[in-house]
Amino acid sequence: MPLISAQNIEVHHGATRAVFGVSLALDPGEIVTIVGPNGSGKSTLLRAMIGAVTPNKGTITKQPDLRIGYVPQTLHIDTALPMTVRRFLNLPKRVGGGKIQAALAKTGVEAIEKQQLSGLSGGQLQRVLLARAILNDPQVLVLDEPTQGLDQPASAAFYRLIETLRDDLGCAVLMVSHELHVVMSATDRVICLNGHICCEGTPDVVTAAPAYRELFGTGTGGALALYRHEHNHDHDHDHDHDHEHSA
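Predicted model, so just to flag it, every value in this text is computed and none were measured.

The strand order S5-S6-S7-S3-S9-S10 describes an open sheet built from six strands, whose pairing is mixed. Every other strand in the sheet has two partners, leaving strand S5 (68–71) and strand S10 (196–201) as the edge strands with one partner each. On average, each strand axis in the sheet is inclined to that of its neighbour by 15°, with strand direction left out of account. Bridging between strand S3 (residues 31–35) and strand S9 (residues 189–194) involves four bridges; their strand directions are parallel. The residue of S9 that forms the bridge with Val 32 is Arg 189.

This part covers unusual backbone geometry. With an omega of 0°, the peptide bond between Leu 91 and Pro 92 qualifies as cis. By the secondary structure assignment, Pro 92 is in the loop between helix H2 (85–89) and helix H3 (97–106). With a phi angle near 55°, Asp 65 is a residue other than glycine that sits in the positive phi range. In this structure, Asp 65 sits in the loop between strand S4 (57–62) and S5.

Let us now look at the confidence of the model for the protein chain. The pLDDT averaged across the protein chain works out to 85; a share of 85% of its residues lies at or above 70. Looking at the elements of the protein chain, mean pLDDT is at its lowest for strand S12 (residues 243–246), recorded as 37, and at its highest for strand S1 (residues 4–13), recorded as 97. Segment residues 219–247: pLDDT under 50, and 59 contacts once partners within four positions in sequence are set aside and those in other chains are kept.

Turning our eyes to something else, we now look at the layout of surface pockets. In this structure, the largest pocket occupies an estimated 380 Å³ of space. When residues of the lining of the largest pocket are traced back to their parent elements, those giving at least two are S5, H2 and helix H4 (122–133). Within the lining of the largest pocket, the residues separate by chemical class into 12 nonpolar, two polar and three charged.

A few words now on the nonpolar core. Ranked by internal contacts, the top residues of the largest apolar core, which has 33 residues, are Val 128, Leu 130, Leu 141 and Leu 143. Residue assignment for this core shows that the elements contributing at least two residues are H2, H3, H4, strand S6 (140–144), helix H5 (152–169) and strand S7 (172–176). If near-sequence neighbours (up to four positions away) are discounted, Leu 141 is found in contact with Gly 69, Leu 130, Ala 133, Ile 134, Ile 162, Cys 171, Ala 172, Val 173 and Leu 174. If you look at the next biggest cluster of nonpolar residues, it comprises 23 residues, including Leu 3, Ile 34, Leu 45 and Met 49.

Procedures and definitions
Residues numbered from 1 in each chain as written. Predicted model: local features only at pLDDT ≥ 70, side-chain atom pairs only at ≥ 80, totals over all residues. Heavy atoms only, no water. Pairing = 2+ DSSP bridges. Helix = DSSP H or I, 4+ residues; strand = E, 2+ residues; numbered from the N terminus. Axes fitted to C-alpha atoms, helices over the stretch in contact; angles between N-to-C directions. pLDDT = per-residue confidence, 0-100. Contact = heavy atoms within 4.5 Å. 1 Å grid on protein atoms, 1.4 Å probe; cavity = no way out; pocket = protein on both sides within 12 Å on 5 of 7 lines; lining within 4 Å. Points joined across faces, edges and corners; volume = space filled by probe spheres on them. Nonpolar A, V, L, I, M, F, W, Y, C, P; charged D, E, K, R; others polar. Core = buried A, V, L, I, M, F, W, Y, C linked by side-chain atoms within 4.5 Å. Buried < 20%, exposed > 50% of the residue type's maximum accessible area, 1.4 Å probe, protein only.

Structure, rendered in structure tokens:
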């Protein structure tokens, strides 16, 4: 049984059809990445899948009592408002200190628990948002352009972390990526969206598809470069080697 599925959904923004004729299903343990040009409906589709937007047509089906962890594109922080990472993770309801420490450790930022939220780097803030998303032990981890504003090495490291969390938590991952040059090869399925689903499959299959090339072109150094994650090393001891970027 899929965790979440969409059947022929259509979502309007005013008189404009942002998403139309889209059907997809997310299975347990699966990583699905949605890619597409600006204005293609990626975030709209994501929000519809988690119930934040009601489709104008079609249906969204979720497993009963499905636990979803959500990481937004960004969080705008009032620098005049003092708030530590620990305090932020205790909102809106208090969480045990051990649970907070464990979540921060899993996302690689356990040392910043007492730091001010407004003083964090972009990469640290995204890992804190990710830690918050996994506090409820989600069955589905949903991320909306989680590496926006990060450079390519930081983006690649974040995607490796997502893969590790999927393995550790046993959750599925549904993610929007705006960075076609850092598409994670560990993704089980890539969905290329431009209002409707143009093509889908493994990263290699999608980047070879005519519909993908028509949308993003075939130039070097951009859309068609894939981040390769080689699986010929020990994850427990080596997270920094045997990775390459190739087109």
